[in-house]
Amino acid sequence: MGKVRVSAFAVSIDGFGAGPDQDLNNPLGVGGKGLHEWFFPTKTFRETHGGDAGSTGIDNDFAEASMQNVGAWIMGRNMFTPARGPWEFEWKGWWGPNPPYHVPTFVLTHHARPSLAMEGDNIFHFVTGGIEEALTHAKSVAGDKDIRIGGGASTVRQYLKAGLIDELHIVMSPVLLGSGEPLFTGLNLKALGYECAEFTPSAKAAHLLIKRAN
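Here is what the cut-offs are and how they apply
- Residues numbered from 1 in each chain as written.
- Predicted model: local features only at pLDDT ≥ 70, side-chain atom pairs only at ≥ 80, totals over all residues.
- Heavy atoms only, no water.
- Helix = DSSP H or I, 4+ residues; strand = E, 2+ residues; numbered from the N terminus.
- Buried < 20%, exposed > 50% of the residue type's maximum accessible area, 1.4 Å probe, protein only.
- Contact = heavy atoms within 4.5 Å.
- Areas by Shrake-Rupley, 256 points an atom, 1.4 Å probe, with all protein chains shown as cover.
- Lys, Arg positive; Asp, Glu negative; His and termini not counted.
- Charge placed at Lys NZ, Arg CZ, Asp CG, Glu CD.
- Salt bridge = Lys/Arg side-chain N within 4 Å of Asp/Glu carboxyl O.
- Pairing = 2+ DSSP bridges.
- Axes fitted to C-alpha atoms, helices over the stretch in contact; angles between N-to-C directions.
- Arc of directions from axis to C-beta.

Undergrad: Please explain the overall build of the protein chain as it appears in this structure.
TA: For the protein chain, the helix and strand inventory stands at five helices and 11 strands. Each principal axis of the C-alpha distribution contributes one length, and for the protein chain these read about 45 × 40 × 35 Å. The 214 residues of the protein chain split such that 43% are buried. Across the protein chain, the fraction of contacts at a sequence separation of at least 24, relative to all contacts at a separation of at least 6, is 62%. With the model as given, the accessible surface of the protein chain reaches about 10,600 Å², and the carbon-plus-sulfur share is 53%. For the protein chain, the separation between the mean place of its 18 positive charges and that of its 22 negative charges on side chains is 2 Å.

Structure (structure tokens):
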């Protein structure tokens with residue numbers, strides 16, 4: 001069986017996984033784009049989004065690894081859409097007709113919606129029964145591959161608090177946001193059994209691999 005993991009999740013120096021005031025014009029929140037300046041120039045990002053040749057090196061190695069061996073994704077509604085409440089319009093995500101996931105993706109929501117099939121073997125299922133129900137569905141389709149927990153920060157916190165994540169790759173970006181979506185508020189990772197297994201700095205970020213201690 002594969003791992004349940006968080007990969008390439010960027011946080012600011014002051015611990016925010018997104019800036020404040022997320023909306024249609026600021027999907028990452030005000031200032032949140034700065035969290036991903038390590039990622040945007042990489043070969044992995046540019047190839048995924050149809051751009052020209054990007055950079056290689058440490059940041060690209062981590063970006064590339066984050067997309068490998070993934071059998072299913074889980075994400076919060078905040079990562080899928082800027083809207084709240086009932087589904088009043090046919091929003092299909094931020095990514096155009098061919099999102100970068102290419103596996104079944106389970107979106108946590110309080111409001112039911114039919115599954116959404118898109119190009120590139122992308123299919124989004126909307127789960128109203130909480131994080132454990134979503135994980136059960138993801139395991140049923142992932143087989144021996146990993147399940148990747150996407151954003152937002154609240155979704156990651158819930159899975160950490162429940163002890164359901166095996167491994168986290170956190171990218172510490174050299175920016176201060178001041179406010180926004182905190183990642184680790186209310187969590188004691190050491191008490192939950194995690195330890196920092198690897199620390200790899202690059203020119204634009206620091207990559208932390210946090211694993212459950214044996």
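Undergrad: What is the right way to read the pattern of salt bridges from this model?
TA: It is possible for side chains bearing opposite charge to pair when their charged atoms get close. In this structure the tally under the stated criterion is three salt bridges. One salt bridge connects Arg5 with Asp146, and the closest N-O pair in it is separated by 2.8 Å. Of this pair, Arg5 sits in strand β1 (residues 4–11) while Asp146 sits in strand β7 (residues 146–149); the two residues are 141 residues apart in sequence, bridging distant segments of the chain. We note that Arg5, like Asp146, is buried. Residues Lys43 and Glu47 are paired through a salt bridge, measuring 2.9 Å at the closest nitrogen-oxygen approach. Highlighted residues: Lys43 and Glu47, both in helix α1 (residues 43–48), separated by four residues, approximately one helical turn.

Undergrad: Whenever I open this one, the sheet that holds strand β4 (residues 104–108) confuses me. Can you help?
TA: Paired through their backbone hydrogen bonds, the strands of a sheet run either parallel or antiparallel. Taken together, nine strands build an open sheet; the order of strands is β5-β6-β4-β3-β7-β1-β8-β11-β10 and the sheet is mixed. Every other strand in the sheet has two partners, leaving β5 (116–118) and β10 (194–201) as the edge strands with one partner each. On average, adjacent strands in this sheet sit at an angle of 20° to one another, irrespective of strand direction. Judged from the four bridges that link them, strand β3 (residues 70–76) and β7 form a sheet pairing that is parallel. The residue bridging Ile74 from the neighbouring strand is Ile149, located in β7. Across the sheet, helix α2 (residues 58–66) is in contact with β1, β3, β7, β8 (167–172), β10 and β11 (206–212); its angle to β1 comes to roughly 145°.

Undergrad: Any chance you could explain the pairing of strand β6 (residues 122–127) here in plain terms?
TA: Side chains on a regular strand alternate between the two faces of the sheet. As judged from the five bridges shared by β4 and β6, these two strands associate in the parallel manner. Residue pairing across strands places Phe106 opposite His125, the latter belonging to β6. Here β5 pairs with β6 via three bridges, running antiparallel. From the neighbouring strand, Met118 faces β6, where its bridge partner is Asn122. Between β5 and the antiparallel strand that follows it, β6, lie three residues; Gly120 among them carries a positive phi value of about 70°.

Undergrad: I would appreciate a short explanation of α2 in the present structure.
TA: Because each turn of an α-helix spans 3.6 residues, side chains separated by three or four positions end up pointing in the same direction. Buried residues of α2: Asp59, Asn60, Phe62, Ala63 and Ser66, and no others. Here the buried residues of α2 occupy an arc of 160° about the axis, which is enough to place them on one side.

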